[in-house]
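# Observations on the three-dimensional arrangement
Take a look at the letters that make up each chain.
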Amino acid sequence: MGLEALARFRTHQPCAACRMLRRRCDSNCILAPYFPSDEIEKFSRVHKVFGASNVIKMIQMVEETNREDAAKALVYEAKARIRDPVYGSTGAIFQLQKMVQELKMQLESTKAQVLELQQQKDQLLGILLNVNHPIDHGGSFSLDYDDSMVYDPEKFPVECDWIF
């Protein structure tokens with residue numbers, strides 16, 4: 001089959017809407033560009049939720065430049081309505097908004113933990129720096145080796161009555 005014959009075959013093949021509705025699909029079918037013959041499941045969902053005549057009316061109400069987006073929105077909404085008949089896509093939006101709020105709270109909690117850990121790290125570094133390089137607070141305390149701390153029996157006599 002040549003390319004011209006294949007193109008002619010495709011142009012005369014009914015769109016998914018006309019195939020499902022069992023009607024003749026002519027060249028000016030409004031649904032053909034948005035529901036090709038190999039995507040019958042898409043139109044099946046849209047038809048089940050909205051009905052064919054309502055789909056045609058909704059697509060006709062939209063400007064031609066925006067019709068493809070309108071058809072995609074109808075397919076998405078139909079799929080969401082089948083999944084959740086009460087809320088449809090609104091239910092999914094609410095769930096996503098709830099997840100965003102929970103993630104924001106989790107992010108704030110994590111930021112607070114990071115800040116607390118940074119403060120603890122800074123305190124520990126400060127303590128370590130003070131141990132290695134003591135600051136003179138006016139006293140004579142030092143962790144460095146100092147002869148004044150060595151035991152001197154004359155300065156510190158040991159009086160004990162131990163018997164050996």
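Rules of the game
- Residues numbered from 1 in each chain as written.
- Predicted model: local features only at pLDDT ≥ 70, side-chain atom pairs only at ≥ 80, totals over all residues.
- Heavy atoms only, no water.
- Helix = DSSP H or I, 4+ residues; strand = E, 2+ residues; numbered from the N terminus.
- Buried < 20%, exposed > 50% of the residue type's maximum accessible area, 1.4 Å probe, protein only.
- Contact = heavy atoms within 4.5 Å.
- Areas by Shrake-Rupley, 256 points an atom, 1.4 Å probe, with all protein chains shown as cover.
- Salt bridge = Lys/Arg side-chain N within 4 Å of Asp/Glu carboxyl O.
- pLDDT = per-residue confidence, 0-100.
- Phe/Tyr/Trp six-rings, centres within 6.5 Å; stacked < 30°, edge-to-face > 60°.
- Disulfide = S-S within 2.5 Å.
- Core = buried A, V, L, I, M, F, W, Y, C linked by side-chain atoms within 4.5 Å.
- Expected span 1.5 Å × (residues − 1).
- Axes fitted to C-alpha atoms, helices over the stretch in contact; angles between N-to-C directions.
- Left-handed = near helix turned anticlockwise from the far one by under 90°.
- Nonpolar A, V, L, I, M, F, W, Y, C, P; charged D, E, K, R; others polar.
- Patch = residues over 30% accessible without salt bridge, like charges linked within 9 Å, V, L, I, M, F, W, Y side chains within 5 Å.
- Parallel < 35°, antiparallel > 145°, perpendicular 65-115°, else oblique.

A word on the overall build of the protein. Within the protein, the secondary structure is distributed over six helices and zero strands. For the protein, the proportion of its 164 residues judged to be buried stands at 18%. Pairs at least 24 apart in sequence give 42% of the contacts found in the protein among residues at least 6 apart. As displayed, the protein has an accessible area near 14000 Å², and 57% of this comes from carbon and sulfur atoms.

So, about the pattern of salt bridges. Per the stated rule, a full pass over the model turns up four salt bridges. Residues Lys-42 and Glu-39 are paired through a salt bridge, measuring 3.1 Å at the closest nitrogen-oxygen approach.

Time to look at the confidence of the model for the protein. Detailed reading of the predicted coordinates is not advisable wherever pLDDT is low. Averaged over the protein, the pLDDT score is 82; the fraction of residues at 70 or greater is 73%. Counting interchain partners and residues more than four positions distant, the pLDDT-below-50 stretch residues 1-8 has one contact.

What follows covers the packing of aromatic side chains. One pass over the structure, following the stated rule, counts one aromatic pair. Note on Phe-35 and Phe-43: the rings are 5.3 Å apart at their centroids and 70° apart in plane angle, and the pair reads as edge-to-face. Phe-43 carries the same exposure label as Phe-35, and that label is buried.

Looking now at the environment of Arg-67. Along the chain, Arg-67 falls in helix α5 (residues 67-83). Arg-67 sits in the buried class, given a relative accessible area of 14%.

So, on to the side chain of Ser-37. Examined against the element boundaries, Ser-37 turns out to sit in the loop between α2 (16-21) and α3 (40-50). Setting aside residues no more than four positions away along its own chain, Ser-37 makes contact with Gln-13, Pro-14, Cys-15, Ala-16 and Arg-19.

A covalent bond bridging the sulfur atoms of two cysteines is what the word disulfide describes. This model, assessed by the stated rule, comprises zero disulfides. Cysteine Cys-18 is unpaired, with the sulfur of Cys-15 as its nearest cysteine sulfur at 3.6 Å.

Moving on: the nonpolar core. Among the nonpolar cores identified, the biggest contains 20 residues, and Leu-31, Phe-35, Phe-43, Val-55 and Ile-59 are the most heavily contacted of them. Breaking this core down by element, the ones donating at least two residues are α2, α3, α4 (52-61) and α5. Leave out the neighbours within four places in its chain, and Phe-43 touches Ala-16, Ala-17, Met-20, Leu-21, Leu-31, Phe-35 and Ala-52.

Relative to the 24 Å expected for 17 residues at 1.5 Å per residue, α5 spans 24 Å between its end C-alpha atoms, a close match to the ideal helical length. Residues of α5 that are buried: Arg-67, Ala-70, Ala-71, Leu-74, Val-75, Glu-77, Ala-78 and Ala-80.

Here we come to the packing of α4 against α5. Look at α4 against α5: their axes get within 9 Å of each other, and the N-to-C directions meet at 145°. In the packing of α4 onto α5, the handedness of the crossing is right-handed. Contact with α4, carried on its side by Val-55, Met-58, Ile-59 and Gln-60, involves Arg-67, Ala-71 and Leu-74 of α5 and no other residues of that element. Split by residue class, the contact of α4 with α5 holds five nonpolar, one polar and one charged.

It is worth spelling out a nonpolar patch on the surface at this point. A contiguous nonpolar surface patch, about 280 Å² in accessible area, is contributed by Leu-124, Ile-127 and Val-131. Residue position: Val-131 is located in helix α6 (residues 89-132).

Taken N-terminus to C-terminus, the directions of α3 and α4 make an angle of 100°; their axes are 7 Å apart at the nearest point. Taken together, α3 and α4 sit at an angle that is classed as roughly perpendicular. For the pair α3 and α4, contact is made by Phe-43, Val-46, His-47 and Phe-50 and by Ala-52, Asn-54, Val-55 and Met-58, respectively. Classifying every residue of the contact of α3 with α4 gives six nonpolar, two polar and no charged.

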